[in-house]
Amino acid sequence: MIEINVDKEACNGCGLCVKDCPMKVYELKDGLSVPIRSANCMGCLSCHEICPAQALEHKGVYPSKRYYIDLKVAEMLGKVI
Amino acid sequence: MTESHIEQMNEGFHQGTVFRAEQVPFPPPPPADLQDTLHGLMKLNGLIIRSLEEISGRGANAVTYRAGKKFGHEVAKYFRKIDNVEEALEELSHILRGQYTFEIWKPADSSSYIQQENGTTFIYLVFHDCIVRQTLRRNGQEQGGPLCQTLYGYVVGAIEEITGKKAKIEIVHTGPNACLKKLILR
């Protein structure tokens, strides 16, 4: 099962993850996103990508192949970041 | 095929990988020369699809769906014929692994993989590794467009060929790591 953690310090309660998730995994409670149906998460990581606060962490997700990433660019970015 | 068999197959997709916001887990890179070829091919495919869309508009979807379906029929005609759709999907997932790795999926609160809604019967499929998604993201193109239609056609063509039954695929959601599709059975 996929485990989702929301960084309460970082989450600004924008609700983008709530709107975007097709399986209604998240709900807004007291201005914060709460993963109430983690078991329904299929690991698409849309919420992970869309979150402006980078507050989400997923554990137990199958990592799809990402050969589209230009490793030369990633290496250069790695030196900067 | 029993549900426990599907669950056993699905276990392979549940890994301990942690996705943190600040990190992108890189898989081991392919050999450098292969990587250059792959990126060139992805760029070319993206440009073909973009041009097709510019010229044919929404008709591009029909063209790519048809191409994918033909490909699916062509590939699957050598497979053994199976009546059971779940079993056919499991076989197809095994054969396509690496290109289009997918699993048969159900929400946790659902008891069966075969779902019923508004009089239609369908099965959820989660596509993990996908050469189409990689191509689109390489070129900064939107997911769910004509190139995705080739994949729908491919799966539908292969399922029709294996089971002898008519099927249709609908997109439910696209994401950077996986996409959710509905295989509608007729």
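## Thoughts on the overall build of chain A
- Looking only at helices and strands, chain A has three helices and four strands in total.
- Starting at the N terminus, the α and β elements of chain A follow one another as β-α-β-β-α-β-α.
- Summarising its shape, the C-alpha atoms of chain A cover approximately 40 × 25 × 20 Å along the three principal directions.
- Across the 81 residues in chain A, those meeting the buried criterion constitute 31%.
- For chain A, the share of sequence-separated contacts (at least 6 apart) that also reach a separation of at least 24 residues comes to 55%.

## Description of the sheet that holds strand β4 (residues 56-59) of chain A
- With antiparallel pairing, three strands are arranged side by side in an open sheet as β1(A)-β4(A)-β1(B). Edge positions in the open sheet fall to β1 (3-6) of chain A together with β1 (18-19) of chain B, since each of these has one partner strand only.
- The pairing of β4(A) with β1(B) spans two bridges and is classified as antiparallel. Bridging across to β1(B), A:His58 finds its partner in B:Phe19.

## Description of helix α4 (residues 85-96) of chain B
Residues and elements named next belong to chain B.
- If you check α4, its first and last C-alpha atoms are 16 Å apart, about what 12 residues at 1.5 Å a residue would give, namely 16 Å.
- Those residues of α4 that sit buried are Val-85, Ala-88, Leu-89, Leu-92, Ser-93 and Leu-96. Relative to the axis of α4, the buried residues are bounded by an arc of 140° and lie together on one face.
- The inward-facing, buried residues of α4 abut β2 (100-105), β4 (120-130), α6 (146-163) and β6 (179-185).
- Looking one or two residues beyond α4, the residue adopting positive phi is Gly-98, at roughly 105°.

## Thoughts on the interface of chain B and chain A
- On the side of chain A, 27 residues touch chain B, which itself brings 34 residues to the contact.
- Listing elements by their share of the side of chain B that touches chain A, those giving two or more residues are β1, α2 (32-56), β4, α5 (131-139), β5 (167-174) and β6 of chain B.
- Of the residues contributing to the side of chain B that touches chain A, the split by class is 20 nonpolar, nine polar and five charged.

## Describing the nonpolar core
Residues and elements named next belong to chain B.
- Among the nonpolar cores identified, the biggest contains 53 residues, and Ile-123, Leu-125, Val-126, Phe-127, Leu-151, Val-155 and Ile-159 are the most heavily contacted of them.
- Mapped onto this core, the elements with two or more residues apiece are α3 (59-76), α4, β2, β4, α5, α6, β5 and β6.
- The dominant element in this core, judged by the number of residues it contributes, is α6, at 10 residues.

## Focus on the pairing of strand β2 (residues 26-29) of chain A
All names here are of chain A.
- In terms of strand pairing, β2 meets strand β3 (residues 32-35) through four bridges, oriented antiparallel. The residue of β3 that forms the bridge with Lys-29 is Leu-32.
- A loop of two residues connects β2 with β3, the two strands running antiparallel in sequence, and Asp-30 in this loop sits at a positive phi of about 50°.

## A word on the packing of α2(B) against α5(B)
All names here are of chain B.
- Where α2 contacts α5, the axes come no closer than 9 Å and their chain directions differ by 80°. Between α2 and α5, the crossing angle belongs to the class labelled roughly perpendicular. From α2, His-39, Met-42, Lys-43, Asn-45 and Gly-46 reach across to α5, where they touch Gln-134, Thr-135, Arg-138 and Asn-139.
- A class-by-class count of the residues in the contact of α2 with α5 yields one nonpolar, six polar and two charged.

Thresholds applied
Residues numbered from 1 in each chain as written. Chains lettered and ligands numbered in written order. Predicted model: local features only at pLDDT ≥ 70, side-chain atom pairs only at ≥ 80, totals over all residues. Helix = DSSP H or I, 4+ residues; strand = E, 2+ residues; numbered from the N terminus. Buried ≥ 20, exposed ≤ 12 C-beta atoms within 10 Å, placed from the backbone. Contact = placed C-beta atoms within 7 Å. Pairing = 2+ DSSP bridges. Expected span 1.5 Å × (residues − 1). Arc of directions from axis to C-beta. Nonpolar A, V, L, I, M, F, W, Y, C, P; charged D, E, K, R; others polar. Core = buried A, V, L, I, M, F, W, Y, C linked by C-beta atoms within 7 Å. Axes fitted to C-alpha atoms, helices over the stretch in contact; angles between N-to-C directions. Parallel < 35°, antiparallel > 145°, perpendicular 65-115°, else oblique.

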